[in-house]
Each structure stands twice: as structure tokens, then as C-alpha cells.
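Coordinate inspection notes
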Amino acid sequence: MKISLIDYDKTRMPNLALMKISAWHKAKGDDVDFYEPLFSNPNIIYGSKVFLFTKFTIPNTTAEIIFGGTGFTLNKCIDEMTKVDKCSFGLRAKLADDMEHICPDYELYPNIDYSMGFITRGCVRNCDFCIVPKKEGEIRFNAHINEFQRHKKVVLLDNNILACKEGINELEAISKTDTKIDINQGLDSRLIDKKTAKLISELKFIDNIKTACDSDKQFNALKIAVENLGSFGVKPYRILVLTLVKSEKDIPRILEIDKLGVKPFAMGYIDYTKKSDCRTQIVKDICRWVNHKAIFNTCKDFSKYIGRKTK
Ligand code: SF4
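Notes on the structure follow.

**Observations concerning the sheet that holds strand β9 (residues 153-156)**
Here four strands make up an open sheet; going across it, the order is β6-β9-β10-β11 and the pairing parallel. Among the strands making up the open sheet, the edge pair consists of β6 (114-117) and β11 (204-205). Sheet topology note: the β6/β9 ladder contains four bridges and is parallel. If you follow Y114 over to β9, its bridge partner there is K153.

Okay, structure coming up:
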């Protein structure tokens, strides 16, 4: 059987679901490629997108088509798809268990030099701007790292690994190996107490230690987390703080975060129910100002940031 894949988002991040689908089909002896309308002749096409606003076209083909990923399943794109009667298609909100628990096909993205996966799924919190609780539900253990680790470097996509006992156990085991990790969705600063701070200090990170501070209410927890990490030798400059930006009202919080000696990283608010990227120009300007370190380190006054498009 011939299988073709479409990664509609085309971000720098490889599409994990497509890598698992590829591995599952290859294990059955199927041929897998990325869909090329002129060259592919698939029996089944899998199309995936994470973001609602990612544009997509439905392949003009008689192949079976299966769409999946948050960008398809959490919205009304389905309305658009139902207008098409030329092909049959299905929607998958999540992978079947035997696909979920397979080692991803890293050959699909030959340029990556790291493994990726989820040790836990879900989250204990319910932040109103976040899709995770709706998409994944309660926190739970998902897989041991050896299910998906094939490189020395591993990117963990867990949303709140410190909220799960088995997640912490797995991090303890990882700390005793030479594996280098990135916990790329961030560690929950409210859960960085003395015990977890010690564990974090013993892990080897590929780059920054990421945490978050999305509201003024969370700032005190961040401050305590930075102090706890500091008491185990983690310098603030190693900590990247993801912080949500909805408007200019978020600037004082960004400046307070910066005063801790950590690195603020502004994330423009995206309404995941919208079909277009709804970030306002001022939000884009703030993100560019904060995230361009050479600019931010020399200009801490947004009103004087000459690169802003909103005056
Ligand atoms: S803690 Fe993080 S993952 Fe959990 S709901 Fe809030 S933003 Fe989402």
C-alpha cells in the first residue's frame, strides 16, 4: 500500500503524529512519502495541522483521506470539508493506541538530530487561553522515554510534567543518564519547589530551562521558583520565561520578569477558535521588541523602541 503525508503547518517543528503514522505503516511494509500531487499515487493520504489558521487545500484525488491534528478537529473546518464530495475523508482527533505508542519515524525529517515525544499528556490546570485541557484532559502518564528516544538529545512536548508523579520519576531516571533534554512547553513555575528545583538542577538541558508566567498573579510563584533553582546553583540567565502578551498592559509584568535576571520570551496571544492569526500589530511589536535580545537589552522602554509599527 502507498501512503502519503501532508504537513500543512510546515513549521520548524516536525509533525510528531505524522512521524508515528509513518512508522506504523512502514512496520506493515507500506511505502510512505510526503504527498506530491504530480508524483505520489497513494491509497491513503494523512493530512495534519496543529493551528486552526493554517491554510489547507484538500488534495484532488480518489485516495482515502484522513485529516487529524488540533487544527482540523477542534473547529469548523469540517464545514468546509463537507462541501467536497469528490473524496472520502475521515477525521481523527487522536491516534489509535498502537500508533501513539510506536517510535516515531525520524527518517521523515532527516535534518533533526533529536528525538521527541510525550512522557505525560494533559494538564492539571485550566488556563482560559490554552487548548491543552480541552484537547488532552487530565494529566496522566503516557510513555517511558525509551519508547521514543533514539538520539542523545530529546525534546519533551509535555505540557505539565511536574504535575505528574510518574513524570517526575521519569525525569529522575533521565537525570542519571547523559541524555540532554528540552522541555519545550515549559515547567510549571508553581510546581518548582525545593525538591523539584534540585531535580531540575541535575538534568542536562540542550538549551534554556523553560518556565512560564502568563499573568501578574503568577509572578510571585515565578520569583520563588527562580530562588529555589538558584539555591541549587541554577543561574537565572539559564531560565527562559514564556509570557503571554495580549496588550500593552502586559509590559510591566515583562519588565518585572526581566528584573529577576531571567530571559522573558513574549508569546502573542492567539485565539485558537479563530481561523486567522488574530494577533494585533501592537502585540506583534511587543513580541519583536522583547524577543530580539540585542534590542531589548539596550532599550527597556517600549515607547522608545524604534522598530515598532504602531506609534
Ligand atoms: S498550565 Fe500550561 S498547559 Fe496547563 S492549562 Fe495552563 S497554559 Fe495550558
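**Details of the pairing of strand β2 (residues 31-34)**
When strand β1 (residues 2-7) meets β2, the two strands line up parallel, connected through four bridges. When the sheet's bridge partners are listed, I3 is paired in β2 with V32. Where the polypeptide runs from β1 across helix α1 (residues 16-27) and back to β2, its parallel neighbour, the crossover connection is right-handed.

**Observations concerning the pairing of strand β10 (residues 180-183)**
Inspection of the sheet shows β9 paired to β10 by four bridges, in the parallel sense. When the sheet's bridge partners are listed, L156 is paired in β10 with I183. Read from β9 through helix α6 (residues 165-175) to β10, the crossover connection turns out right-handed. As defined by bridge partners, β10 adjoins β11 across two bridges and the pair is classed as parallel. Bridging from a neighbouring strand, K180 pairs with K204 of β11. Read from β10 through helix α7 (residues 194-202) to β11, the crossover connection turns out right-handed.

So, how was this worked out
- Residues numbered from 1 in each chain as written.
- Predicted model: local features only at pLDDT ≥ 70, side-chain atom pairs only at ≥ 80, totals over all residues.
- Heavy atoms only, no water.
- Pairing = 2+ DSSP bridges.
- Helix = DSSP H or I, 4+ residues; strand = E, 2+ residues; numbered from the N terminus.
- Right-handed = clockwise from strand over helix to strand, strands pointing away.

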